[in-house]
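# Fold and geometry: a report
Chain residues, written in single-letter form:
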Amino acid sequence: MESSDREKIAKLAEWLKESSNIVFFGGAGVSTESGIPDFRSQDGIYNQKYEYPPETIISHSFFVRNTEEFYRFYRDRMVYQNAKPNAAHMALMRLEKQGKLKAVITQNIDGLHQEAGSREVLELHGSIMRNTCMKCGKKYGLDAIVNAPDPVPRCSCGGIIKPDVVLYEESLDDAVMDKALRYIENADMLIIGGTSLVVYPAAGLVRYYNGRKLVLINKSATSQDGNADLAIHAKIGEVLSQAVPE
Ligand code: ZN
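### Quick look at the overall build of the protein
Within the protein one finds 12 helices and 9 strands. For the protein, whose C-alpha radius of gyration is 19 Å, the value lies close to the compact-globule estimate of 18 Å for 246 residues. With the C-alpha coordinates of the protein rotated into their principal frame, the extents come out at 55 × 35 × 30 Å. Within the protein, counting contacts between residues at least 6 apart in sequence, those at least 24 apart form 65% of the total. Here the protein carries 29 positive and 32 negative side-chain charges, and the mean point of each set is 4 Å from the other.

### Considerations on the packing of helix α7 (residues 87-97) against helix α12 (residues 236-243)
Running from N to C, α7 and α12 point in directions that differ by 30°, and their axes come no closer than 7 Å. The angle between the axes of α7 and α12 places the two elements in the roughly parallel class. Of the two elements, α7 crosses α12, and the hand of that crossing is left-handed. The residues of α12 that touch α7, namely those facing Ala87, Ala88, Ala91, Leu92 and Arg94, are Ile236, Gly237, Leu240 and Ser241.

### Some thoughts on the sheet that holds strand β5 (residues 139-140)
One open sheet holds the 3 strands; their spatial order is β5-β4-β6, and the pairing between them is antiparallel. Across the chains shown, the open sheet's two edge strands, defined by having one partner strand only, are β5 and β6 (161-165). In this sheet, β5 lies alongside strand β4 (residues 126-133) in antiparallel orientation, the contact comprising 2 bridges. By the bridge assignment, Asn131 is partnered in β5 with Tyr140.

### Focus on the packing of aromatic side chains
If you walk through the whole model with that rule in mind, you get 7 aromatic pairs. Measuring from ring centre to ring centre gives 5.9 Å for Phe63 and Tyr71, while their planes differ by 70°; the resulting arrangement is edge-to-face. The buried category is assigned to Phe63, whose relative accessible area is 2%. Classification of Tyr71 as buried rests on a relative accessible area of 0%. Every member of this aromatic cluster is reached through a ring pair, and the members are Phe63, Phe70, Tyr71 and Tyr74. For the cation-ring pair, Lys162 lies above Phe63, with the distance from its terminal atom to the ring centre recorded as 5.6 Å.

### Some thoughts on the sheet that holds strand β8 (residues 214-217)
Here we have 6 strands laid out as an open sheet, ordered β3-β2-β1-β7-β8-β9, and parallel in their pairing. Whereas interior strands pair on both sides, the edge strands pair on one side only; in this sheet they are β3 (121-123) and β9 (230-232). Here the average twist between neighbouring strands, direction ignored, is 15°. In this structure, strand β2 (residues 101-106) lies alongside β3, joined through 3 bridges in parallel fashion. Its bridge partner being in β3, Val104 is matched across the sheet by Val121. Docked against the sheet, helix α10 (residues 174-186) engages β1 (22-26), β2, β3 and β7 (189-193), running at close to 130° with respect to β3. Its contacts with the sheet place α12 against β1, β7, β8 and β9, and it is angled at close to 135° to β8.

Scoring rules and cut-offs
- Sequence order as written defines the numbering, with residues in each chain counted from 1.
- Reporting in this predicted model follows two pLDDT cut-offs: at least 70 for local features of residues, and 80 or more for side-chain atom pairs to be given and counted; totals over whole chains, interfaces and linings ignore these cut-offs and use all residues.
- Derived side-chain values reflect all non-hydrogen atoms in the structure, with water molecules and hydrogen atoms excluded from consideration.
- Helical segments are the DSSP runs of H or I of at least four residues, strand segments are the runs of E of at least two, and each set is numbered from the N terminus.
- For this measure, only C-alpha atoms enter the radius of gyration; the expected value for a globule follows 2.2 Å times N^0.38, where N is the number of residues.
- Should any heavy atoms of two residues lie within 4.5 Å, those residues are counted as being in contact.
- Under the counting rule used here, the positive set is Lys and Arg, the negative set is Asp and Glu, and His together with the chain ends is not counted.
- For the purpose of locating charges, the reference atoms are NZ of Lys, CZ of Arg, CG of Asp and CD of Glu.
- Geometry is summarised by axes, namely lines fitted to C-alpha atoms with helices restricted to the contacting stretch, and by angles between N-to-C directions that run from 0 to 180 degrees.
- Small angles under 35 degrees read as roughly parallel and large ones over 145 as roughly antiparallel, with 65 to 115 read as roughly perpendicular and the rest as oblique.
- When the near helix sits turned anticlockwise from the far one by under a right angle, the crossing is termed left-handed; a clockwise turn instead gives a right-handed crossing.
- DSSP-based pairing: two strands are paired if at least 2 bridges between them are found.
- Here is the rule: rings of Phe, Tyr and Trp (six-membered ring for Trp) pair when centre to centre is within 6.5 Å. Planes less than 30 degrees apart are stacked, more than 60 are edge-to-face, and the remainder are tilted.
- Burial classes: relative accessible area under 20% of the type maximum marks a residue as buried, over 50% as exposed, and values in between as partly exposed (1.4 Å probe, protein chains only).
- Charges are assigned to positions over rings by a cutoff of 6 Å between ring centre and Lys NZ or Arg CZ, combined with an angular limit of 35 degrees from the ring normal.

Set out below in structure tokens:
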């Protein structure tokens, strides 16, 4: 870690101290430090195993047409049962316990913020932990998906169980989105981590922020760094655990 990073983290810690209405917005980079790869990042193994790009497989129409293939990809690339919360999740949990952090807004679907103990977590893209029978509406946990006897998990009524995860071609939950906007509007400090900020909906959400403490934490530089009041390029777990000591 460079000395300029240390100065920036000191600045971050100072802002955290003087703020009382902090909101965190997190992208895939928060989960990668728990060993969960961004499913959009393609690698050789992936290319050999699947005939379609992830954006196609993780779409509503593909789920309907080719449910079995959807679930093959989903179990393989989107469910990481052994993943544990990392230093970033734990620091955010502490910040909420201190009464400073009001909400975590996340694009991740892994449920790790809740596992770390965070309470107010807005999951813009849903969660792998919640699943619903498409026929009768019965709710299921992750176990019903992972340990299903057949490739396509089925409800006791015979209906197909679908993850409560927002697929491509599906719209985000309006109620969750509105709540997220309200938190951001009222925040005196907004921390954005693990996302380049250029992807929808992150880019749009930032515009609702009215304060002067917009912090961007990302491993690499982003095109939005110039719009941030503080941009830190380092691992988010390291940054947050130093700024929010135990
Ligand atoms: Zn059912």
